[in-house]
Amino acid sequence: MSRRVVVTGLGAVCGLGLDWQTMWEGLTAGRSAIRRWRLPGVEDFPVRYAAPVDDAAFAGRYGADEGPAPMERRARFGLAAAGQALADAGIEEPGALGRVGTAVGSGVPERDPYELLHAVGEDGRPSWQTLFARRSQLDRASGLFCTNDALAAGIAARHRLRGPALNFSTACAGATHAIGHGFRMIRRGEVDAMLVGGADSVLNLPTMTGLHLLGAPSTSELFGDRLCRAFDRDRSGLVAAEGAAMLVLESEESARRRGAAVYAEVAGFGSSLDAYQVTAPHPEGHGAALAMSRALADGEVAPGEVDSVNAHGTSTPLNDPIETRAIKDVFAADEHYRKLAVTANKTMLGHLIAAAGAPELIATVLSVRDGIVPPTLNLENPDPACDLDYVPEKARHQEVSVAVSNSFGFGGLNASLVVRGYEH
């Protein structure tokens, strides 16, 4: 069985806003969520810019986390986005829809190393008995209590989704892998619909320290809130962000039976592994090109049919020219790469790490629906090795019949999705 898969619901929480409409308005207007930021409780951390969610606004809209079992930040963002997506799809009782599952990408739990100090007894030695005796003093939203599957299980339980509940931990490609596998489960007829996407929050001491040790985030203050400069010669690293985005994917039959509005069709998914290094993509871009080529083949889409690419576009010195090379390889026939409108949403959203592919897929879906390609901000002096049309500074109105969305993660984990306009 091979069924068409359509997008019928969207939800988002990010630095640009607390719903997908505000996010899309910000992206097309060229607004950036990146601002000066300080790691809570740390005065001298070298990373000074990020794209955080507005805590006060989030609490005002979704309520403070005052329940008996507090949740991780990423889970709170994910639940909010999931509720939005289901409501947007007009699904009040997900269980009545048929076979519905959940697939999400999320990063590492919010493990606070200081909590382990509770394990140190009066003799100065740690023991599990000491930690267990002090369990009431521990933060129940910490990594000591929250497992990696907490996001998928929490969303599924909240909305009584009793189909498969899957969590993907594939670095910055996690959400795209989750969406891709949800798409294929519907296409194969295993489920009727899937709630898919990702949520992540890395703006904490352990994770930001880890990223800093890897040399990933920019520590520059030279450009202020214009720090994320994908494809620009002065790019200096990623700018971290947090948030979530969720989509309802549904078989065409299910959507038509419900009379649901359709945003676009997901046509193909492809993934690959560089098998090269943990912190550097393959210098020839082989893995990135394979993911794109496999997604196009999966959707039976010719490269010449593609109008736009939502690039991974991290603003790191290595990623941007290598992704450019991979795009040129995939779309080499008749130099079609010269006709592509390539956009880097991270210049406005920041990098949501494991969740990054989800808001970028929403932007790709809306780009196809609305005929607008969001801009790549801060591209003032293009790197000579980055010589595609990156839609600098201002959004462009143009027809987008088919678009590709890329996510390339640490460890050479690559994933791409193909989206096209929906026609009955």
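Okay, so let's go over this structure. (Residues numbered from 1 in each chain as written. Predicted model: local features only at pLDDT ≥ 70, side-chain atom pairs only at ≥ 80, totals over all residues. Heavy atoms only, no water.)

### Examining the pattern of salt bridges
Okay, step 1: Within this structure, the stated rule accounts for 30 salt bridges.
Okay, step 2: Between Arg235 and Asp383 there is a salt bridge whose closest N-O contact spans 3.0 Å. Within this pair, whereas Arg235 is found in the loop between helix 7 (205-213) and strand 7 (242-251), its partner Asp383 is found in the loop between strand 11 (372-373) and strand 12 (396-397), the two being separated by 148 residues in sequence. Each member of the pair, Arg235 together with Asp383, is buried.
Okay, step 3: The closest approach of N and O atoms between Glu284 and Arg325, which form a salt bridge, is 2.5 Å. Taken together, the residues span a long stretch of sequence, with Glu284 in the loop between strand 8 (264-273) and helix 9 (286-298) and Arg325 in helix 10 (residues 319-330) at a distance of 41 residues.
Okay, step 4: Taking relative accessible area as the criterion, Glu284 reaches 29% and is therefore assigned partly exposed.
Okay, step 5: The class for Arg325 is partly exposed, based on a relative accessible area of 41%.
Okay, step 6: Salt bridges sharing common partners tie together Arg226, Arg229, Asp232, Glu380 and Glu393. (Salt bridge = Lys/Arg side-chain N within 4 Å of Asp/Glu carboxyl O. Helix = DSSP H or I, 4+ residues; strand = E, 2+ residues; numbered from the N terminus. Buried < 20%, exposed > 50% of the residue type's maximum accessible area, 1.4 Å probe, protein only.)

### Points about helix 3 (residues 73-88)
Okay, step 1: In a regular helix each residue adds 1.5 Å, so 16 residues correspond to 22 Å; helix 3 covers 23 Å between its end C-alpha atoms and thus fits that length.
Okay, step 2: Counting buried positions along helix 3 yields 12 of 16 residues, so the element is predominantly enclosed.
Okay, step 3: Among all positions of helix 3, only Arg74, Ala75, Arg76, Phe77, Gly78, Leu79, Ala80, Ala81, Ala82, Gln84, Ala85 and Leu86 are buried.
Okay, step 4: Looking one or two places after helix 3, you find Gly90, whose phi comes out positive at around 75 degrees. (Expected span 1.5 Å × (residues − 1).)

### Description of the state of the cysteines
Such a bond, covalent and formed between the sulfur atoms of two cysteines, is termed a disulfide.
Okay, step 1: For the structure shown, the criterion picks out 0 disulfides.
Okay, step 2: With no disulfide of its own, Cys14 lies 14 Å from the sulfur of Cys228, the closest cysteine sulfur.
Okay, step 3: Note on Cys14: relative accessible area 3%, which makes it buried.
Okay, step 4: You can see Cys172 has no disulfide; the closest cysteine sulfur is in Cys228, sitting 13 Å from it.
Okay, step 5: The buried category is assigned to Cys172, whose relative accessible area is 5%. (Disulfide = S-S within 2.5 Å.)

### Concerning the sheet that holds strand 7
Okay, step 1: Taken in spatial order, the 10 strands line up as 5-4-6-7-1-8-14-13-9-10 in an open sheet, and their pairing is mixed. Here the strands that pair on one side only, and so sit at the sheet edges, are strand 5 (165-168) and strand 10 (341-343). Neighbour-to-neighbour, the strand axes of this sheet turn through a mean angle of 25 degrees, independent of strand direction.
Okay, step 2: Examined bridge by bridge, strand 1 (residues 5-13) and strand 7 share 8 bridges and lie antiparallel to one another. Its bridge partner being in strand 7, Ala12 is matched across the sheet by Ala245.
Okay, step 3: Against the sheet, helix 12 (residues 357-370) engages strand 1, strand 6 (193-201), strand 7, strand 8, strand 9 (308-310), strand 13 (402-409) and strand 14 (413-420), with an angle of about 55 degrees to strand 7. (Pairing = 2+ DSSP bridges. Axes fitted to C-alpha atoms, helices over the stretch in contact; angles between N-to-C directions. Contact = heavy atoms within 4.5 Å.)

### Comments concerning the environment of His212
Okay, step 1: As for its placement among the helices and strands, His212 is situated in helix 7.
Okay, step 2: For His212 and Val47, which are 165 residues apart along the polypeptide, the C-alpha to C-alpha distance reads 8.0 Å.
Okay, step 3: Among all residues touching His212, those that are not within four sequence positions of it are Phe45, Pro46, Pro217 and Thr219.

### Overview of the side chain of Arg3
Okay, step 1: With respect to the helices and strands, the residue Arg3 is situated in the segment before strand 1.
Okay, step 2: A distance of 3.2 Å separates the side chain of Arg3 from the backbone oxygen of Ile186, its partner in a polar contact.
Okay, step 3: At a separation of 2.5 Å, a polar atom in the side chain of Arg3 contacts the main-chain carbonyl oxygen of Val191.
Okay, step 4: Discounting chain neighbours no more than four positions away, the residues touching Arg3 are Arg99, Ile186, Arg187, Gly189, Val191, Asp192, Ser251 and Glu253. (Polar contact = N/O pair within 3.5 Å; in protein donor to acceptor, adjacent residues only side chain to side chain.)

### A closer look at the nonpolar core
Okay, step 1: By size, the foremost hydrophobic cluster in this structure holds 59 residues, and its most contacted members are Leu247 and Leu249.
Okay, step 2: Counting residues per element, this core draws most heavily on helix 12, at 7 residues.
Okay, step 3: Each residue touching Leu249, except ones within four places of it in the same chain, is listed here: Val5, Val6, Val7, Ile179, Phe183, Ile186, Ala193, Met194, Val196 and Val266.
Okay, step 4: Residues Phe231, Ala267, Ala311 and Val404 belong to the second largest nonpolar core, which totals 28 residues. (Core = buried A, V, L, I, M, F, W, Y, C linked by side-chain atoms within 4.5 Å.)

### Side note on the packing of aromatic side chains
Okay, step 1: Per the stated rule, a full pass over the model turns up 4 aromatic pairs.
Okay, step 2: Consider the rings of Phe58 and Tyr62, whose centres lie 4.9 Å apart with planes at 35 degrees: the pair is tilted. Of this pair, Phe58 and Tyr62 both sit in helix 2 (residues 55-62), 4 residues apart, which is roughly one turn of that helix.
Okay, step 3: According to the relative accessible area criterion, Phe58 is buried, its value standing at 4%.
Okay, step 4: Members of the aromatic cluster, connected to one another through ring pairs, are Phe58, Tyr62 and Phe77. (Phe/Tyr/Trp six-rings, centres within 6.5 Å; stacked < 30°, edge-to-face > 60°.)

### What to know about the packing of helix 1 (residues 20-29) against helix 12
Okay, step 1: For the pair helix 1 and helix 12, the least separation of the axes is 11 Å and the interaxial angle reads 75 degrees. As summarised for this structure, helix 1 and helix 12 are arranged roughly perpendicular, according to the angle between their axes. On helix 12, the residues that touch Trp20, Met23, Trp24 and Leu27 of helix 1 are Pro359, Ile362, Ala363, Leu366, Ser367, Arg369 and Asp370.
Okay, step 2: Classifying every residue of the contact of helix 1 with helix 12 gives 8 nonpolar, 1 polar and 2 charged. (Parallel < 35°, antiparallel > 145°, perpendicular 65-115°, else oblique. Nonpolar A, V, L, I, M, F, W, Y, C, P; charged D, E, K, R; others polar.)

### Overview of empty space enclosed by the protein
Okay, step 1: Under the definition given, this model contains 2 cavities of 30 Å³ or more.
Okay, step 2: In this structure, the largest cavity encloses a volume near 60 Å³.
Okay, step 3: If you trace the largest cavity, you find it lined by Asp274, Pro281, His282, Gly285, His286, Gly287, Ala288, Asn319, Ile322, Glu323, Phe408 and Asn414.
Okay, step 4: Secondary-structure elements contributing two or more residues to the lining of the largest cavity are helix 9 and helix 10.
Okay, step 5: Of the residues belonging to the lining of the largest cavity, the class tally is 4 nonpolar, 6 polar and 2 charged.
Okay, step 6: Roughly 50 Å³ of internal volume is contained in the second largest cavity.
Okay, step 7: Lining the second largest cavity are Ser308, Val309, Asn310, Thr343, Ala363, Thr364, Ser367, Pro374, Ala403 and Val404.
Okay, step 8: Going through the elements one at a time, strand 9, helix 12 and strand 13 are the ones with two or more residues in the lining of the second largest cavity. (1 Å grid on protein atoms, 1.4 Å probe; cavity = no way out; pocket = protein on both sides within 12 Å on 5 of 7 lines; lining within 4 Å. Points joined across faces, edges and corners; volume = space filled by probe spheres on them.)

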